[in-house]
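# Structure assessment
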Amino acid sequence: MNNAPDTDILQKQLESSSWQLAGTVTLGAAALALAIFGQDALAQARPIFPMIDQIYGSWQSWYIGALIILGLVWAVAMVQKINTIQYCMKRLQAQRRIAEQHALRASRAQAAKRPAPAQPTKPAPARAGRSSKFDY
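Residues numbered from 1 in each chain as written. Predicted model: local features only at pLDDT ≥ 70, side-chain atom pairs only at ≥ 80, totals over all residues. Heavy atoms only, no water.

### Description of the overall build of the chain
In plain terms, the rule: A run of H or I in DSSP counts as a helix once it spans at least four residues, and a run of E counts as a strand once it spans at least two, with each numbered from the N terminus. Remark: exposure states derive from per-residue accessible area (1.4 Å probe, protein chains only) relative to the maximum for the residue type, with buried under 20%, exposed over 50%, and partly exposed in between. Residues are treated as being in contact if the distance between any of their heavy atoms lies within 4.5 Å. Per-residue and other accessible areas follow the Shrake-Rupley method at a 1.4 Å probe size, with only the shown protein chains counted as cover for residues.
Within the chain one finds three helices and zero strands. For the chain, the α and β elements follow one another from N to C terminus as α-α-α. Within the span of the chain, comprising 136 residues, buried residues form 15% of the whole. When contacts within the chain are restricted to residue pairs at least 6 apart in sequence, long-range pairs at least 24 apart make up 74% of them. By element, 64% of the accessible surface of the chain is carried by carbon and sulfur atoms, the whole surface being about 11500 Å².

Listed below in structure tokens is the structure:
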């Protein structure tokens, strides 16, 4: 099993998700600014267009409802991107732990295959035929 391609794919996916998260945050900030501008524009257009003036409360409710729906969609997109980033980070950590374990096992296997260094043996003391009582 080769873990290098899996790690490369996860790194690319993590980088891509990070850029998408940054883009989603930027679009959310821009949408907030436009929402405030839109609310102000709706209030200023009220006297100009009689259709808006007659049912201004309904127009304002629909506008706020649309903003809430878009805000919820934005929040779901943020949660999804954050979950994707966390998933990629966990998978990368797992891949690194697996690679460390493989390296450790490989080094242990190599150490087991190497012959142990020869230990010099102490020669037995030489004895002359019969021992005497005062042999030290």
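Right, picking up where we left off after that structure.
### Quick word on the packing of aromatic side chains
Inclusion rule: Here is the rule: rings of Phe, Tyr and Trp (six-membered ring for Trp) pair when centre to centre is within 6.5 Å. Planes less than 30 degrees apart are stacked, more than 60 are edge-to-face, and the remainder are tilted.
In this structure the tally under the stated criterion is one aromatic pair. Look at tryptophan 59 and tryptophan 62: their rings are 6.2 Å apart centre to centre, the planes differ by 55 degrees, and that puts the pair in the tilted class. Taken together, the positions of tryptophan 59 and tryptophan 62, both in helix H3 (residues 56-113) and three residues apart, correspond to about one turn of that helix. Overall, the relative accessible area of 27% leaves tryptophan 59 in the partly exposed class. Residue tryptophan 62 is classed as exposed on the basis of its relative accessible area of 55%.

### A closer look at the layout of surface pockets
For clarity, the cut-off: A cavity, in this analysis, means grid points on a 1 Å lattice covering only the protein atoms where a 1.4 Å probe fits yet has no way out; a pocket is instead an open set bounded by protein on both sides within 12 Å along at least five of seven lines, and a residue lines either one if it has an atom within 4 Å of a point. Grid points are joined across faces, edges and corners, and a volume is the space filled by probe spheres set on the points.
Volume-wise, the largest pocket comes out at about 250 Å³. Taken together, Leu27, Gly28, Ala29, Ala31, Leu32, Ala35, Leu67, Leu70, Gly71 and Trp74 make up the lining of the largest pocket. Residue assignment for the lining of the largest pocket shows that the elements contributing at least two residues are helix H1 (4-45) and H3. Here the lining of the largest pocket takes six residues from H1, the largest share from any one element.

### Some remarks on the side chain of threonine 24
What counts is decided by this rule: Under the rule applied, a polar contact is a pair of N or O atoms within 3.5 Å (in protein, one hydrogen donor and one hydrogen acceptor; residues adjacent in sequence only if both atoms are side-chain atoms).
For threonine 24, the location among the structural elements is in helix H1. We classify threonine 24 as buried; its relative accessible area is 15%. Polar contacts involving the side chain of threonine 24 include one to the main-chain carbonyl oxygen of glutamine 20, which spans 2.7 Å. In contact with threonine 24, other than residues within four places in its own chain, are Trp74, Ala77 and Met78.

### Things to note about the nonpolar core
Quick note on the threshold: Note on terminology: a nonpolar core comprises buried Ala, Val, Leu, Ile, Met, Phe, Trp, Tyr and Cys residues joined through side-chain atoms within 4.5 Å.
Of all hydrophobic cores here, the largest spans seven residues; its members are Leu10, Leu14, Leu21, Met78, Ile85, Cys88 and Leu92. For this core, the elements supplying multiple residues, two or more each, are H1 and H3. For this core, the element with the most residues is H3, which contributes four residues. Here methionine 78 is in contact with Leu21, Thr24 and Val25, once residues within four sequence places are set aside.

### Some words on the environment of valine 25
Along the chain, the position of valine 25 falls in helix H1. Sequence separation of valine 25 and alanine 75 is 50 residues, and the distance between their C-alpha atoms is 9.7 Å.

### Examining the side chain of lysine 81
Summarising the element assignment, lysine 81 is placed in helix H3. With near-sequence residues (within four places) excluded, lysine 81 lies in contact with Ser17, Gln20 and Leu21.

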